[in-house]
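Fold and geometry: a report
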Amino acid sequence: MNPKELVQAFYNSDALYNSSTLETFLHPDVILEWNSSKGFFKKDRNELIQMANDLKIGYETFVVQIHKILAEDNLVSVHYTHFGTTIENPNQINRLAYFFVIWEIQDGKLFRGYQMSQLP
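Owing to the predicted nature of the structure, the values given are computational and were not obtained by experimental measurement.

1. Focus on the nonpolar core
Of all hydrophobic cores here, the largest spans 26 residues; its most connected members are Val 7, Phe 10, Tyr 11, Leu 22, Val 78, Trp 103 and Leu 110. Put simply, the parts of the chain that give this core at least two residues each are α1 (3-12), α2 (19-25), β1 (26-36), α3 (45-58), β3 (59-72), β4 (75-86) and β5 (94-106). When residues in this core are grouped by element, the largest group, five residues, is from β5. Setting aside its immediate chain neighbours within four residues, Phe 10 contacts Ala 15, Leu 16, Leu 22, Phe 25 and Leu 110.

See the structure below:
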């Protein structure tokens with residue numbers, strides 16, 4: 001699988017809220033640097049897995065709508081919108097945030113991520 005296909009498979013899977021799936025995509029030394037509307041976060045593999053577990057508690061489903069995806073060598077840039085349904089209201093899909101991320105791929109896994117997000 002080339003880097004672009006890997007990133008597409010990641011966002012089209014349930015990895016954002018299923019830690020077992022997430023683990024298959026993450027490099028052992030993964031780091032995500034995330035500038036959000038809530039501040040700056042730097043997350044390692046364990047923190048990303050914990051975040052997936054936390055999201056699974058409050059959300060029933062997640063859907064990612066990819067707007068643009070570009071790849072060059074081992075770098076993949078993605079612009080997407082993240083939607084989800086809460087456990088309290090599984091029939092209503094909510095826009096959660098807008099994202100832009102650049103992933104560096106190493107050894108066929110997500111290695112370094114540089115992400116920005118904004119609430120709708």
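Here the narrative resumes, following the displayed structure.
2. Side note on the pairing of β5
Bridging between β4 and β5 involves ten bridges; their strand directions are antiparallel. Its bridge partner lying in β5, Phe 83 is registered against Arg 95. Across nine bridges, the pairing between β5 and strand β6 (residues 109-118) is antiparallel. Within β6, the residue paired with Ile 105 across the bridge is Leu 110. Remark: two residues form the turn of the hairpin made by β5 and β6, two consecutive strands paired antiparallel; Asp 107 in that turn has positive phi of roughly 55°.

3. Digging into the UniProt feature "domain: DUF4440" (unreviewed entry) in the chain
UniProt feature "domain: DUF4440" (unreviewed entry): in the numbering of this structure it lies at residues 7-109. For residues 7-109, the end-to-end C-alpha separation is 9 Å, with 26% helix and 55% strand making up the annotated structure.

4. Remarks on the packing of aromatic side chains
The geometry of an aromatic ring pair is captured by the separation of the ring centres together with the interplanar angle, meaning the angle of the planes. Within the structure shown, the criterion is met by nine aromatic pairs. An angle of 70° between the planes, with centres 5.4 Å apart, marks the rings of Phe 10 and Phe 25 as edge-to-face. With Phe 10 in helix α1 and Phe 25 in helix α2, the pair connects residues that are 15 residues apart, well separated along the chain. Here Phe 10 falls in the buried class, since its relative accessible area comes to 4%. The exposure class of Phe 25 is buried, given its relative accessible area of 10%. Taken together, Phe 10, Tyr 11, Phe 25, Trp 34, Phe 41, Tyr 80, Phe 99 and Trp 103 form an aromatic cluster joined through their ring pairs. Above the plane of the ring of Phe 111 lies Arg 112, whose end atom (NZ or CZ) is 4.1 Å from the centre.

5. Some remarks on the environment of Val 64
Within the element layout of this structure, Val 64 appears in strand β3. Expressed as a C-alpha distance, the spacing of Val 64 and Phe 99, which sit 35 residues apart in the sequence, is 9.9 Å. In this structure Val 64 touches Tyr 11, Leu 16, Tyr 80, Thr 81 and His 82, once residues within four positions along its chain are discounted.

Rules of the game
- Residues numbered from 1 in each chain as written.
- Predicted model: local features only at pLDDT ≥ 70, side-chain atom pairs only at ≥ 80, totals over all residues.
- Heavy atoms only, no water.
- Core = buried A, V, L, I, M, F, W, Y, C linked by side-chain atoms within 4.5 Å.
- Buried < 20%, exposed > 50% of the residue type's maximum accessible area, 1.4 Å probe, protein only.
- Helix = DSSP H or I, 4+ residues; strand = E, 2+ residues; numbered from the N terminus.
- Contact = heavy atoms within 4.5 Å.
- Pairing = 2+ DSSP bridges.
- UniProt positions renumbered as here; feature names shortened; annotations may be inferred.
- Phe/Tyr/Trp six-rings, centres within 6.5 Å; stacked < 30°, edge-to-face > 60°.
- Lys NZ or Arg CZ within 6 Å of the ring centre and 35° of its normal.

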